Amino acid sequence: MDMHELELFCAAKANAGLDFITPLHKVLASQRYVMGNETRSFENEFAGYLGVNHCISVANGSDALELALRSLDVPSGGRVVTVANAGFYASSAIYAIGAEPVYLDVDSATLNLCPSALAAVLDASIAAIIVTHLYGQLAAIEDIIRLASAAGIPVVEDCAQAHGARRNGKLAGSFGAVACFSFYPTKNLGALGDGGAVVTNDHDIATRLRQLRQYGWAQKYQVAIPGGRNSRMDEMQAAILRIKLPYLDGWNEQRRSIAQRYNAAFAGFDARLPCSTASDYVAHLYVVRLADRQRFISALKRKAITADIHYPTPDHRQAAYIARPPLPLTVTGLACDTVVSLPCYPGLAADEVDRVIAAVSAYFKQEG
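To keep things clear, this report deals only with the structure shown in the data block. (Residues numbered from 1 in each chain as written. Predicted model: local features only at pLDDT ≥ 70, side-chain atom pairs only at ≥ 80, totals over all residues. Heavy atoms only, no water.)

### Describing the environment of L24
Position of L24 among the secondary structure elements: in helix α2 (residues 21-30). For L24, a relative accessible area of 18% corresponds to the buried category. It is 7.0 Å that separates the C-alpha atoms of L24 and A239, two residues lying 215 residues apart in sequence. Setting aside chain neighbours within four positions, we find L24 in contact with M236 and I240. (Helix = DSSP H or I, 4+ residues; strand = E, 2+ residues; numbered from the N terminus. Buried < 20%, exposed > 50% of the residue type's maximum accessible area, 1.4 Å probe, protein only. Contact = heavy atoms within 4.5 Å.)

### A closer look at the side chain of Q211
Inspection of the secondary structure puts Q211 in helix α8 (residues 203-212). According to the relative accessible area criterion, Q211 is buried, its value standing at 15%. A polar contact is formed between the side chain of Q211 and the backbone oxygen of W217, at a distance of 3.4 Å. In this structure Q211 touches G216, W217, A218, A224 and I225, once residues within four positions along its chain are discounted. (Polar contact = N/O pair within 3.5 Å; in protein donor to acceptor, adjacent residues only side chain to side chain.)

### Examining the packing of aromatic side chains
With the rule as written, the count across this model stands at 20 aromatic pairs. Centroid distance F42 to F183: 5.4 Å. Interplanar angle 85 degrees. Geometry classified as edge-to-face. Linking F42 in helix α3 (residues 37-50) with F183 in the loop between β8 (178-182) and β9 (196-200), this pair joins segments that are 141 residues apart in sequence. Across the pair, F183 and F42 agree in class, each one buried. Between Y95 and Y321, the aromatic rings sit 3.9 Å apart at their centres with planes inclined by 15 degrees, giving stacked as the arrangement. (Phe/Tyr/Trp six-rings, centres within 6.5 Å; stacked < 30°, edge-to-face > 60°.)

### Quick notes on the pairing of strand β13 (residues 339-342)
With burial as the criterion, each face of β13 is covered, one bearing V339 and S341 and the other bearing V340 and L342. As paired strands, strand β12 (residues 286-289) and β13 are joined by four bridges and run antiparallel to one another. If you follow V288 over to β13, its bridge partner there is V340. (Pairing = 2+ DSSP bridges.)

### Some details on the state of the cysteines
Evaluation of the coordinates by the stated rule reveals zero disulfides. C180 provides the cysteine sulfur closest to C55, a residue in no disulfide bond, and the two sulfurs are 11 Å apart. In this structure C55 comes out as buried when scored by relative accessible area, which is 3%. Between C336, a cysteine without a disulfide, and C114, which holds the nearest cysteine sulfur, the sulfur-to-sulfur distance is 16 Å. (Disulfide = S-S within 2.5 Å.)

### A short note on the pairing of strand β2 (residues 79-83)
By the criterion of burial, β2 is predominantly enclosed, with four of the five residues buried. Taken together, β2, helix α5 (residues 89-96) and strand β3 (residues 100-104) form a β-α-β motif whose crossover is right-handed. (Right-handed = clockwise from strand over helix to strand, strands pointing away.)

### Looking at helix α9 (residues 235-244)
One full turn of an α-helix is made of 3.6 residues, so residues set three or four places apart face in the same direction. Extensive coverage of α9 is indicated by the burial of seven of its 10 residues. Looking only at α9, the buried set comprises E235, Q237, A238, A239, I240, L241 and K244. The residue sitting at the N-terminus of α9 and contributing the capping side-chain oxygen is D234; that oxygen lies 2.9 Å from the backbone nitrogen of M236.

### Considerations on a nonpolar patch on the surface
A cluster of nonpolar side chains, L28, Y33 and V34, forms an exposed patch at the surface whose accessible area comes to about 250 Å². Looking at the secondary structure, you find V34 in the loop between α2 and α3. When its relative accessible area of 33% is taken as the criterion, V34 is described as partly exposed. (Patch = residues over 30% accessible without salt bridge, like charges linked within 9 Å, V, L, I, M, F, W, Y side chains within 5 Å. Areas by Shrake-Rupley, 256 points an atom, 1.4 Å probe, with all protein chains shown as cover. Salt bridge = Lys/Arg side-chain N within 4 Å of Asp/Glu carboxyl O.)

### Here's the deal with the packing of helix α10 (residues 248-266) against helix α13 (residues 350-367)
Relative orientation of the contacting elements α10 and α13 amounts to 25 degrees, with a least axis distance of 10 Å. One way to sum up the angle between α10 and α13 is to call them roughly parallel. Here α10 runs over α13; the crossing is right-handed. Touching I258, R261, Y262, A265 and F266 of α10 are A350, V353, D354, V356, I357 and V360, all from α13. Across the contact of α10 with α13, the residue classes break down as nine nonpolar, no polar and two charged. (Axes fitted to C-alpha atoms, helices over the stretch in contact; angles between N-to-C directions. Parallel < 35°, antiparallel > 145°, perpendicular 65-115°, else oblique. Left-handed = near helix turned anticlockwise from the far one by under 90°. Nonpolar A, V, L, I, M, F, W, Y, C, P; charged D, E, K, R; others polar.)

Printed below as a string of structure tokens:
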């Protein structure tokens, strides 16, 4: 079982006991499968959970990022700040609209966009900033928003791994001009298939997003703005998400509890651990950094424990799009060479967590 299969298996365990049959039967009985009551209700409930004015559901998280940039009128050729250690998802959206990514280095503790690196490049040529809350760790979003606001540049939050992360009462997705979510099954809030959303407090941006997700229509068959597409969440996914949303904070607490056990057990080892296990971290992934990760992964595999790498290749080194960062990406490069993800999901039993701790401890004792 690889890490992806393990994620799906653990997601299924976390969902055990939830009644999905009743809402699915309700959708079937309604004979309305797209843009119906379940979708509208989920949009309202998710916006309420986040404390924002508008939630616009879309087909997936990748579309959410692309349409968010389009809603901000980022032009073809425009320069968009992002990071290079987050799996290429933001980069895909930037390239999809014909814009240019501007890769900046990450903070060594959080592995998120570094505010001081951002301050060094902000000028009139920057059209937008994408801030990824990587691994479920809230970025230094307040500092980033302050810098961006002073320069008049909109911030897009990529919250695909950070559902429910919060700081000082504000949740991931409520800071930027727009924010994007994925509801892929392994996310902290996951559907049974693909789904995504863009959220905002801005009425005009919300109006554009509703047009962009449906061909650019102002009304049926009347295309009013360019860049539109067919990107709609189906009613079944929305119905499932409505069932699961009330459980999100509890599941996040389960994730944090596992991360806290790991951090306590691994504190004396020669590895870099997550910098926070507080409410600003929802432990979408529990990621450690260590020098010889292949040896480490092999040692765990011999004990039937799966580990993975999120993410091994920085965006600017991907073969399809070789890019030249304006500044050295020293921390980014080191992170991509050393990160390892350990199992950390709701549904992991206490004895399974014990097995991971025992295997990791045995590895470091042997190495020591």
